[in-house]
Amino acid sequence: MKTILAAYSGVKKGSGSSILSALHDLPSVPWLTRSKIVKHLQVISVLQFVITFLAMGIGCSLLLMYMFCTDCWVIAAVYTAWLIYDWNTPKQGGRRSTWVRNWTVWTYFRDYFPIRLIKTNNLLPSRNYIFGYHPHGIFCFGAFCNFGTEATGFSKMFPGIKPSLATLAGNFRLPVFRDYLMSGGICPVNQNSIDYLLSSNGTGNAVVIVIGGAAESLDCAPGMNSVTLKKRKGFVKLALKQGADLVPVYSFGENEVYRQLIFDDDSWWRTFQKRLQKILGFAPCLFHGCGLFFPESWGFVPYCKPITTVVGEPITVPKIEEPSQDVIDMYHAMYIRSLKSLFDNYKTRFGLNESDTLLIQ
């Protein structure tokens, strides 16, 4: 009994390490080994991420509306007033929390796949950067873990650089969910927000943009090495107007963690997906991972496939307030060459063949 009480007091301390140390002191149980406990914690951490991003915004919106119809309407009214007052904060650098970015849950999230961050060059704190992240995948697991948390040690690897992962602006209209995103240093992917970070927030800022966006997610599947980039030039224009260096980033394994049903471009289903994408801002992908209790079954839990994110060499970009189309095209071509070189230099180290090529769509 004393052992169980001691374990309970350890759990109440709230950290992942204390949970493991407490459970380690429990009497020996055949199915309750340390490795299994760690694996369960990893699965739970990934599943909470998936559920949070699928349901937290809508759930909190419905809850807020419901509270207006109950005796708790005062709380709902106060929060709504705060929401209106705080409406523009996401566009003005947000409200990041070092405490949230260092939660123990993110280390379990990292180790589930696992996710690694590879540095190829130093980044100067005296410069600002735009990271182009590829590919999108289904949930951008690599982008979130590396740039929305400190699980892979970004701040130690790149001292003086503060990453801001850009995502759909619509997410920041959802109560509570917006605050959750901002706490990780996540910002809206619109011109006002990015301009603020690169022009009014000093130096040492790195805005991470998933260039392919929702359109690219429709083509992600195991074995696919393609990115939507050929006509995506807005990020290059932003970099030129702000004098921010461009940094290609590629995540090997991002497309391997879910299996998706991909429709032909001329099919009715693909047309339907693209129309919904324009209305909703995100692509309604038909995908599956493994089950929560039975790995052979289908579910929302991603497959355990390693994700390795390689941060490439920065491309020095001059500041030109009104860049011509020829200049934009030139730096866009330089970026594509740099991304292809990054892919070719590291592909065989992370499970691909020498013959594999990166398709630019």
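Calculation rules
Residues numbered from 1 in each chain as written. Predicted model: local features only at pLDDT ≥ 70, side-chain atom pairs only at ≥ 80, totals over all residues. Heavy atoms only, no water. UniProt positions renumbered as here; feature names shortened; annotations may be inferred. Core = buried A, V, L, I, M, F, W, Y, C linked by side-chain atoms within 4.5 Å. Buried < 20%, exposed > 50% of the residue type's maximum accessible area, 1.4 Å probe, protein only. Contact = heavy atoms within 4.5 Å. Patch = residues over 30% accessible without salt bridge, like charges linked within 9 Å, V, L, I, M, F, W, Y side chains within 5 Å. Areas by Shrake-Rupley, 256 points an atom, 1.4 Å probe, with all protein chains shown as cover. Salt bridge = Lys/Arg side-chain N within 4 Å of Asp/Glu carboxyl O. Helix = DSSP H or I, 4+ residues; strand = E, 2+ residues; numbered from the N terminus. Pairing = 2+ DSSP bridges. 1 Å grid on protein atoms, 1.4 Å probe; cavity = no way out; pocket = protein on both sides within 12 Å on 5 of 7 lines; lining within 4 Å. Points joined across faces, edges and corners; volume = space filled by probe spheres on them. Nonpolar A, V, L, I, M, F, W, Y, C, P; charged D, E, K, R; others polar. Expected span 1.5 Å × (residues − 1). Arc of directions from axis to C-beta.

An unreviewed UniProt entry lists the chain under the name Acyltransferase, from Anabarilius grahami. Within the UniProt record for the chain, the comment given under Sequence similarities (unreviewed entry) is "Belongs to the diacylglycerol acyltransferase family."

(A) Spatial organisation of the nonpolar core. With 52 residues, the main nonpolar core has F109, F113, F131, F141 and F147 as its most contacted residues. The contact partners of F147, leaving out residues within four places of it in the chain, are R101, F131, Y133, F154, P163, L165, G184, V208, V249, T309 and V311. Counting residues in each nonpolar core, the second largest holds 35 residues, with C187, I194, L238 and I360 among its members.

(B) Representation of a nonpolar patch on the surface. A cluster of nonpolar side chains, F68, W73, V74 and V78, forms an exposed patch at the surface whose accessible area comes to about 400 Å². With respect to the helices, strands and loops of the structure, V78 is situated in helix α4 (residues 73-85). The class of V78 is exposed, set by a relative accessible area of 54%.

(C) Layout of the sheet that holds strand β9 (residues 287-290). Strands sit in the order β8-β9-β10 across an open sheet of three strands; the sheet is antiparallel. The sheet terminates laterally at β8 (259-260) and β10 (298-299), the two strands that pair on one side only. Bridge count for β8 against β9 is two bridges, and the pairing is antiparallel. Residue pairing in the sheet places R259 in a bridge with H288 of β9.

(D) Seen up close, the UniProt feature "transmembrane region" (unreviewed entry) in the chain. Mapped onto this structure's residue numbering, the UniProt feature "transmembrane region" (unreviewed entry) falls at residues 41-58. The span residues 41-58 is 100% helix and 0% strand, and its two end C-alpha atoms sit 26 Å from each other.

(E) Structural context of the layout of surface pockets. Considering only enclosed or pocket space, the largest pocket measures out at about 1,300 Å³ in volume. The wall of the largest pocket is formed by 45 residues, among which H136, T167, L168, G281 and F282 lie closest to the centre. Only α3 (34-67), α7 (141-147), β3 (162-167), α9 (177-183), β5 (205-210), α11 (213-217) and α12 (234-242) provide two or more residues apiece to the lining of the largest pocket. The element contributing the most residues to the lining of the largest pocket is α3, with seven residues. Classifying every residue of the lining of the largest pocket by side-chain character gives 33 nonpolar, 10 polar and two charged.

(F) Main features of helix α14 (residues 325-346). In a regular helix each residue adds 1.5 Å, so 22 residues correspond to 32 Å; α14 covers 32 Å between its end C-alpha atoms and thus fits that length. Buried residues of α14: I328, Y331, H332, Y335, I336, S338, L339, L342, F343 and Y346, and no others. In a view along the axis of α14, the buried residues occupy a sector of 165 degrees, so they form one face of it. Across α14 from its buried face, at more than 90 degrees, point the exposed residues D326 and R337.

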